[in-house]
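# Observations on chain architecture
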Amino acid sequence: MSTVTTPDGVEIFYKDWGPKEAQPIVFHHGWPLSSDDWDTQMLFFLAKGFRVIAHDRRGHGRSAQVSEGHDVDHYAADAAVVMQHLDLRNAVHIGHSTGGGEVARYVARYGQPQGRVAKAVLVSAVPPIMLRTAAYPKGLPIDVFDGLRAALAANRSQFFLDLPGGPFYGFNREGAQVVPGAIQNWWRQGMAGSAKAHYEGIKAFSETDFTDDLKAITVPTLVLHGDDDQIVPIDAAARESIKLLANGTLKVYPGYPHGMLTTHADVINPDLLAFVQG
């Protein structure tokens, strides 16, 4: 397996496919998944001649199940270690959900200052902040996240079936075409990771304020969100993020769920390609 070790001794797994001289597309996965969640996009861009890279966040997938560092500062720093190890330049960074927050912090803190980033994409992403605050009253109450923690601690395996089987992919909507393989793959990825990383990751994705990161990003940034996202509601997320980005474009998909990269890859992938090539 391809891995790199961070300064604090954490082994991070990554995939690096395609010609080394091609423009790199870097994918940042959501909670509690792994780089495998990007298989469809990675194969799509690989076929278009790009170099595609994705890593497993610490405590997730095949990366080390360490006790500490399950916060966005460490997530972004770990990503920076991978990018420096591969010496990626002119890269497009695409993040889904929690991965969108990771992209925002990585680009603002490391990618832009190091001159490594060409563009960024936030898909169904958590910024600016999921938790309801005085500055962001459209956010979700802390009770929602306490409920996620309680469900995970009580029976993580069942919770990791219920979430993709319901709101994540919109399979709880009337008339939805349920895809058992998508649910099983979500469960498989989730259960490969650490319960502690997942438990503490809930605080990371819900309580981190990305306002300053978004304000600092100057590269072209595409914000994609479904207006039926039951996990990261669009009004508290994409519609607020776009106000803070200096060079942002918002595209809204009517009726699409949080996991639209899986359920509607046939639509999302060409849109991503158009932005990368634009």
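For the structure, check the block above.
Attention here is on the structure that accompanies the text.

Definitions and cut-offs
Residues numbered from 1 in each chain as written. Predicted model: local features only at pLDDT ≥ 70, side-chain atom pairs only at ≥ 80, totals over all residues. Heavy atoms only, no water. Helix = DSSP H or I, 4+ residues; strand = E, 2+ residues; numbered from the N terminus. Rg over C-alpha atoms; globule rule 2.2 N^0.38 Å. Areas by Shrake-Rupley, 256 points an atom, 1.4 Å probe, with all protein chains shown as cover. Lys, Arg positive; Asp, Glu negative; His and termini not counted. Charge placed at Lys NZ, Arg CZ, Asp CG, Glu CD. Salt bridge = Lys/Arg side-chain N within 4 Å of Asp/Glu carboxyl O. Core = buried A, V, L, I, M, F, W, Y, C linked by side-chain atoms within 4.5 Å. Buried < 20%, exposed > 50% of the residue type's maximum accessible area, 1.4 Å probe, protein only. Contact = heavy atoms within 4.5 Å. Polar contact = N/O pair within 3.5 Å; in protein donor to acceptor, adjacent residues only side chain to side chain. Pairing = 2+ DSSP bridges. Axes fitted to C-alpha atoms, helices over the stretch in contact; angles between N-to-C directions. Expected span 1.5 Å × (residues − 1). Arc of directions from axis to C-beta. Right-handed = clockwise from strand over helix to strand, strands pointing away. Parallel < 35°, antiparallel > 145°, perpendicular 65-115°, else oblique. Left-handed = near helix turned anticlockwise from the far one by under 90°.

Turning our attention to the overall build of the protein chain. When you go through the protein chain residue by residue, the secondary structure sums to 10 helices and eight strands. Taken over the C-alpha trace, the protein chain has a radius of gyration of 17 Å; the compact-globule value for 278 residues is 19 Å, and the two agree within 12%. In terms of overall dimensions, the protein chain has a C-alpha envelope of 45 × 40 × 40 Å along the principal axes. Accessible surface, the protein chain as shown: approximately 10700 Å² in total, 52% of it carbon and sulfur. Once the 24 positive and 30 negative side-chain charges of the protein chain are each reduced to a mean point, those two points are 3 Å apart.

With omega at -5°, the peptide bond leading from Trp 31 into Pro 32 counts as cis. Looking at the element boundaries, Pro 32 is found in the loop between strand S3 (24–28) and helix H1 (39–47). Here the residue pair Pro 127 and Pro 128 is connected by a cis peptide bond, since its omega of 0° sits within 30 degrees of zero. Note that Pro 128 resides in the loop between strand S6 (117–123) and helix H4 (142–168).

For the structure shown, the criterion picks out 23 salt bridges. As a salt-bridge pair, Asp 87 and Arg 116 come within 3.1 Å of each other at their nearest N and O atoms. Of this pair, Asp 87 sits in the loop between helix H2 (72–86) and strand S5 (91–96) while Arg 116 sits in the loop between helix H3 (98–111) and S6, and the two are 29 residues apart along the sequence. Each member of the salt-bridge network shares a partner with another, and the members are Lys 15, Asp 36, Asp 39, Asp 56, Arg 62 and Arg 188.

Core analysis: the largest hydrophobic core is formed by 60 residues, its most contacted members being Trp 31, Tyr 106, Val 107 and Phe 205. Sorting the residues of this core by element identifies strand S2 (11–17), H2, H3, S6, H4, helix H5 (180–192), helix H6 (195–207) and helix H8 (238–244) as the ones contributing at least two each. Counting residues per element, this core draws most heavily on H2, at nine residues. Discounting chain neighbours no more than four positions away, the residues touching Phe 205 are Trp 31, Thr 98, Val 126, Met 130, Phe 145 and Leu 148. With 24 residues, the next largest nonpolar core counts Phe 45, Val 123, Leu 261 and Leu 273 among its residues.

Mapped onto the elements of the fold, Arg 89 is located in the loop between H2 and S5. Placed 26 residues apart in sequence, Arg 89 and Gly 115 show a C-alpha to C-alpha distance of 7.2 Å. Ignoring anything within four residues of it in the chain, the contact list for Arg 89 reads Pro 24, Gln 114, Gly 115 and Arg 116. Here the side chain of Arg 89 touches Gln 114 through a polar contact of 3.1 Å, landing on its backbone oxygen.

A few words now on the sheet that holds strand S4 (residues 51–55). Spatially, eight strands are ordered S1-S2-S4-S3-S5-S6-S7-S8 in an open sheet, and the strand pairing comes out mixed. Each edge of the open sheet carries a strand with a single partner, namely strand S1 (3–5) and strand S8 (248–253). Within this sheet the neighbouring strands show an average axis-to-axis angle of 20°, counted without direction. Looking at chain direction, S6 and strand S7 (residues 221–226) are connected through four bridges and run parallel. Bridging across to S7, Val 121 finds its partner in Leu 222. Packing of H2 onto the sheet brings it into contact with S1, S2, S3, S4 and S5, and relative to S2 it is tilted by some 50°. Set on the sheet, H3 makes contact with S3, S4, S5 and S6; between it and S5 the angle comes to about 145°.

With that settled, consider H5. For H5, spanning 13 residues, the distance from its first C-alpha to its last is 18 Å, which sits close to the expected 18 Å at 1.5 Å a residue. Among all positions in H5, only Ala 182, Ile 183, Trp 186, Gln 189 and Gly 190 are buried. Viewed along the axis of H5, the buried residues span an arc of 130°, placing them on a single side of the element. If you follow the buried residues of H5, they end up packed against H4, H6 and helix H9 (260–263).

Here the focus is the pairing of S8. By the bridge criterion, six bridges tie S7 to S8 in an arrangement that is parallel. Note on S8: the bridge partner recorded for Leu 222 is Thr 249. The parallel pair S7 and S8, bridged by H8, forms a crossover whose chirality is right-handed.

Describing two packed helices takes the angle between their axes plus the distance from one axis to the other. Where H1 contacts helix H10 (residues 265–277), the two axes come as close as 11 Å, and the packing angle between them is 50°. The orientation of H1 with respect to H10, classified from their angle, is oblique. The two elements H1 and H10 cross, and the hand of that crossing is right-handed. Side by side, H1 and H10 meet where Thr 40, Gln 41, Phe 44 and Phe 45 of the first sit next to Ala 265, Asn 269, Pro 270, Leu 272, Leu 273 and Val 276 of the second.

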